[in-house]
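Spelled out, the chains give:
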Amino acid sequence: MTERKPPGVSFESWADRQIREAEERGEFANLPGAGKPLPGLDKPYTDQWWVERKMRDENLSYLPPSLALRKEAQEARERAAEARSEAEVRSILTEINAKIDEAIRHPLEGPPHRLVPFDVESAVRQWRSARREHR
């Protein structure tokens with residue numbers, strides 16, 4: 001619908017004509033989801049439904065920064081446990097420790113994060129021990 005409504009033509013007939021012409025050109029044929037129920041119809045309505053959908057579709061987070069850091073620290077701990085080398089364990093934990101140190105110096109928005117930097121050498125010993133047990 002790039003064409004403007006001409007003066008003197010009622011809006012309804014102009015819109016109907018635009019839709020009919022688009023259908024004739026096949027612009028509504030083979031649209032994704034054709035013949036399927038609308039997603040989310042069974043979920044309760046919220047005023048922010050479109051924001052929630054966009055965030056879900058684009059895998060975005062809406063956690064306050066302090067909670068996002070907690071989540072990132074947990075993921076770093078898990079990645080370190082699965083690391084392939086001691087150097088990788090150190091790298092992962094050193095990177096998250098820098099973020100934790102910064103959050104301690106400059107508190108983040110949201111609830112207190114209550115994080116302390118990881119003891120990298122202790123984590124490396126645990127990683128070595130887990131590797132020995134796994135073999």
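Attention shifts here to the nonpolar core. As a rule of thumb, soluble globular proteins bury nonpolar side chains together. Within the largest apolar cluster, 17 residues are counted, with the highest numbers of intra-cluster contacts made by Ala73, Val89, Ile92, Leu93, Ile96, Ile100 and Phe118. At the level of secondary structure, the elements contributing two or more residues to this core comprise α3 (65-81), α4 (86-105) and α5 (120-134). If we skip the residues at most four places from it in the chain, Ala73 touches Ile96, Ile100, Leu115 and Phe118.

Right, let's get into the pattern of salt bridges. Tallied over the entire structure, the rule returns 12 salt bridges. With a shortest N-O distance of 3.5 Å, Arg90 and Glu86 are connected by a salt bridge. Linking Arg90 with Glu86, this pair stays in helix α4, spanning four residues, or about one helical turn. Residue Arg90 is classed as partly exposed on the basis of its relative accessible area, which comes to 26%. With a relative accessible area of 25%, Glu86 lands in the partly exposed category.

Side chains three or four residues apart in an α-helix point the same way, a direct result of the helix having 3.6 residues per turn. If you check α3, its first and last C-alpha atoms are 24 Å apart, about what 17 residues at 1.5 Å a residue would give, namely 24 Å. Within the span of α3, buried status applies to Ser66, Leu69, Ala73, Ala76 and Ala80. Each buried residue of α3 lies within a common arc of 70° when the element is viewed along its axis, so the set occupies one face. Where α3 is buried, its residues contact α4 and α5.

With respect to the helices and strands, the residue Ser66 is situated in helix α3. In this structure, the C-alpha to C-alpha distance between Ser66 and Val9, residues 57 residues apart in sequence, is 57 Å. Setting aside its immediate chain neighbours within four residues, Ser66 contacts Leu108, Glu109, Gly110, Pro111 and His113.

Our next topic: the environment of Arg132. Along the chain, the position of Arg132 falls in helix α5. By relative accessible area, which is 58% here, Arg132 ends up exposed. For the pair Arg132 and Leu38, spaced 94 residues apart in sequence, the C-alpha to C-alpha distance is 53 Å.

The share of residues in the protein with pLDDT of 70 or more is 96%, and the mean pLDDT across the chain is 88. Between the elements of the protein, mean pLDDT differs from a low of 84, seen in helix α2 (residues 49-57), to a high of 96, seen in α4.

Here we take up the packing of α3 against α4. At a closest axis distance of 9 Å, the pairing of α3 and α4 adopts a crossing angle of 165°. Overall, the two elements α3 and α4 adopt an arrangement that is roughly antiparallel. The two elements α3 and α4 cross, and the hand of that crossing is left-handed. Contacts from Leu69, Glu72, Ala73, Ala76, Arg79 and Ala80 in α3 reach Val89, Ile92, Leu93, Ile96, Lys99, Ile100 and Ala103 in α4.

As a further point, take unusual backbone geometry. Here the phi dihedral of Asn30 falls at roughly 55°; this positive angle occurs in a residue that is not glycine. Relative to the helices and strands, Asn30 resides in the loop between α1 (11-24) and α2. For Arg114, which is not glycine, the phi dihedral falls at a positive 55°. Mapped onto the fold, Arg114 is located in the loop between α4 and α5.

Rules and cut-offs
- Residues numbered from 1 in each chain as written.
- Predicted model: local features only at pLDDT ≥ 70, side-chain atom pairs only at ≥ 80, totals over all residues.
- Heavy atoms only, no water.
- Core = buried A, V, L, I, M, F, W, Y, C linked by side-chain atoms within 4.5 Å.
- Buried < 20%, exposed > 50% of the residue type's maximum accessible area, 1.4 Å probe, protein only.
- Helix = DSSP H or I, 4+ residues; strand = E, 2+ residues; numbered from the N terminus.
- Contact = heavy atoms within 4.5 Å.
- Salt bridge = Lys/Arg side-chain N within 4 Å of Asp/Glu carboxyl O.
- Expected span 1.5 Å × (residues − 1).
- Arc of directions from axis to C-beta.
- pLDDT = per-residue confidence, 0-100.
- Axes fitted to C-alpha atoms, helices over the stretch in contact; angles between N-to-C directions.
- Parallel < 35°, antiparallel > 145°, perpendicular 65-115°, else oblique.
- Left-handed = near helix turned anticlockwise from the far one by under 90°.

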